[in-house]
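Architecture at a glance
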Amino acid sequence: MSIRSVLQDNLNLSDEKLMAFEKFADFLKEKNKQMNLTAITDDDEIAVKHFLDSLSLYNALDIRDKSKIIDIGTGAGFPSVPLLIYNKTLKITMVDSLGKRLRFIDEALEKLDLTAETIHARAEDLGRDPEYREKYDFAVSRAVAGLNVLVELCVPFIKAGGIFAAMKGPEAENEISAAKSALDLLGAEVTETKSVVLPGDLTRKIIVIQKVRETDERFPRTSKNILKRPL
Ligand code: SAM
């Protein structure tokens, strides 16, 4: 099936947005021949596993016009670019430690006539920068690290009361128990786990985490300590 028909079967999108998704998929496939952006290259799979999966955040979170969102470990722009194609008013910051992926995103945004900030940094360094710390309504992250590590990377960016959404596979519940002490130390709690069923009966989980108090200045720690001694 084509990108357009998969999206049309599952969502009600304007022709302009359908064209933007097609354009982004074409550019992703073209650039993926020169650099490692994604293992998913078939149109059907791009539509389901990249686009519909990214857009499932709209069902799980109360994302509004102009919401401030930070995407940690965005890679080739997931979930951020689909979120932005769907609602171009969002104020999105995409962070990755690999600069070439961000250059791909910058080019894609220009082609799509969309605006977002891309930052080449490690999340644990940027999370200590006062310009980015505790400034976001939402942090989102897909396929970057185990939840116990991820909460230390992501929670510092959101305001008290803000939400971190971790996009996970079907085994998410095990990760929540392993992240209990990290969540306590970071002043955050799991409010719910949303199940997402994508076409083809693929199950995904979105772990919705609310920040209940400001992050202690000890966090995030250095990458070495985060990996050596997860909270
Ligand atoms: N989120 C995208 C997706 O779902 O397709 C990309 C996932 S990819 C498997 C993980 C990405 O996270 C890589 O691009 C990697 O460079 C980035 N990454 C890993 N650890 C990071 C860190 N500490 N700070 C920033 N980026 C990181």
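Right above here is the structure, for reference.
Here is a short report on the structure shown in this document. (Residues numbered from 1 in each chain as written. Predicted model: local features only at pLDDT ≥ 70, side-chain atom pairs only at ≥ 80, totals over all residues. Heavy atoms only, no water.)

Some remarks on the overall build of the protein chain
For the protein chain, the helix and strand inventory stands at 11 helices and 7 strands. What you see for the protein chain is a C-alpha radius of gyration of 17 Å, in line with the 17 Å of a compact globule of 231 residues. Restricting the contact set of the protein chain to residue pairs at least 6 apart, pairs at least 24 apart contribute 65%. Taking the 34 positively charged and 37 negatively charged side chains of the protein chain as two groups, their mean positions are separated by 4 Å. (Helix = DSSP H or I, 4+ residues; strand = E, 2+ residues; numbered from the N terminus. Rg over C-alpha atoms; globule rule 2.2 N^0.38 Å. Contact = heavy atoms within 4.5 Å. Lys, Arg positive; Asp, Glu negative; His and termini not counted. Charge placed at Lys NZ, Arg CZ, Asp CG, Glu CD.)

Structural notes on unusual backbone geometry
Between Phe78 and the following residue, Pro79, the backbone shows a cis peptide bond with an omega angle of 10°. As for its position among the elements, Pro79 is in the loop between strand E1 (68–72) and helix H5 (80–86). Positive phi, close to 65°, is recorded for Lys66, a residue that is not glycine. Among the structural elements, Lys66 can be located in the loop between helix H4 (57–60) and E1.

Quick notes on the packing of aromatic side chains
Under the definition given, this model contains 7 aromatic pairs. On the numbers, 5.0 Å between centres and 50° between planes, the contact of Phe21 with Phe51 is tilted. Of this pair, Phe21 sits in helix H2 (residues 15–32) while Phe51 sits in helix H3 (residues 43–55), and the two are 30 residues apart along the sequence. Phe21 gets classed as buried once you look at its relative accessible area, which sits at 0%. (Phe/Tyr/Trp six-rings, centres within 6.5 Å; stacked < 30°, edge-to-face > 60°. Buried < 20%, exposed > 50% of the residue type's maximum accessible area, 1.4 Å probe, protein only.)

Focus on the site of the ligand
Not every one of the 14 residues close to the ligand is listed here, only the nearest: Gly73, Phe78, Asp96, Arg101 and Arg142. One of the backbone nitrogen or oxygen atoms of Phe78 is found 2.9 Å away from a nitrogen atom of the ligand. Contacts to the ligand include Arg142, whose side-chain N or O atom sits 2.6 Å from an oxygen atom. Relative to its unbound accessible surface of 600 Å², the ligand loses 79% to contact with the protein. Looking at the shell around the ligand residue by residue, the classes come out as 5 nonpolar, 4 polar and 5 charged. (Near = heavy atom within 4 Å. Polar contact = N/O pair within 3.5 Å; in protein donor to acceptor, adjacent residues only side chain to side chain. Areas by Shrake-Rupley, 256 points an atom, 1.4 Å probe, with all protein chains shown as cover. Nonpolar A, V, L, I, M, F, W, Y, C, P; charged D, E, K, R; others polar.)

Things to note about the sheet that holds strand E7 (residues 202–211)
On the basis of which strands lie adjacent, the open sheet formed by 7 strands has the order E3-E2-E1-E4-E5-E7-E6 and mixed pairing. Where the open sheet ends on each side, the last strands, each with one partner, are strand E3 (117–120) and strand E6 (188–198). Direction aside, the axes of adjacent strands within the sheet are offset by 20° on average. For strand E5 (residues 158–168) and E7, the ladder comprises 6 bridges, and the chain directions are antiparallel. In the sheet register, Met167 faces E7, and the bridge partner there is Ile206. (Pairing = 2+ DSSP bridges. Axes fitted to C-alpha atoms, helices over the stretch in contact; angles between N-to-C directions.)

Here we look at the nonpolar core
Nonpolar side chains in soluble globular proteins generally cluster together in the buried interior. Phe24, Phe51, Leu57, Leu61 and Phe104 are the most contacted members of the largest nonpolar core, which totals 51 residues. The dominant element in this core, judged by the number of residues it contributes, is H2, at 7 residues. Grouped together as the second largest cluster of nonpolar side chains are 33 residues, Ile72, Leu153, Cys154 and Leu186 included. (Core = buried A, V, L, I, M, F, W, Y, C linked by side-chain atoms within 4.5 Å.)

A look at the side chain of Lys205
Relative to the assigned elements, Lys205 resides in strand E7. In this structure, Lys205 is buried with no salt-bridge partner, the nearest side chain bearing the opposite charge being Glu173 at 4.6 Å. Apart from the residues within four sequence positions on either side, Lys205 is in contact with Ala166, Met167, Lys168, Gly169, Pro170, Ala172, Thr193, Lys194 and Ser195. (Salt bridge = Lys/Arg side-chain N within 4 Å of Asp/Glu carboxyl O.)

Side note on the pattern of salt bridges
In this structure the tally under the stated criterion is 16 salt bridges. Here Arg4 makes a salt bridge to Asp15, at a shortest N to O gap of 2.7 Å. Placement of the pair is Arg4 in helix H1 (residues 3–10) and Asp15 in helix H2, with a sequence separation of 11 residues. Arg4 gets classed as partly exposed once you look at its relative accessible area, which sits at 21%. Arg122 is the salt-bridge partner of Glu124, the closest N and O atoms lying 2.9 Å from each other.

Notes on the environment of Leu55
Its location among the elements puts Leu55 in helix H3. Each C-alpha atom of the pair Leu55 and Ile85 lies 9.8 Å from the other, and the pair is 30 residues apart in sequence. Those residues within four positions of Leu55 in sequence are excluded, and the remaining contacts are Leu11, Phe21, Pro82, Leu83 and Tyr86.

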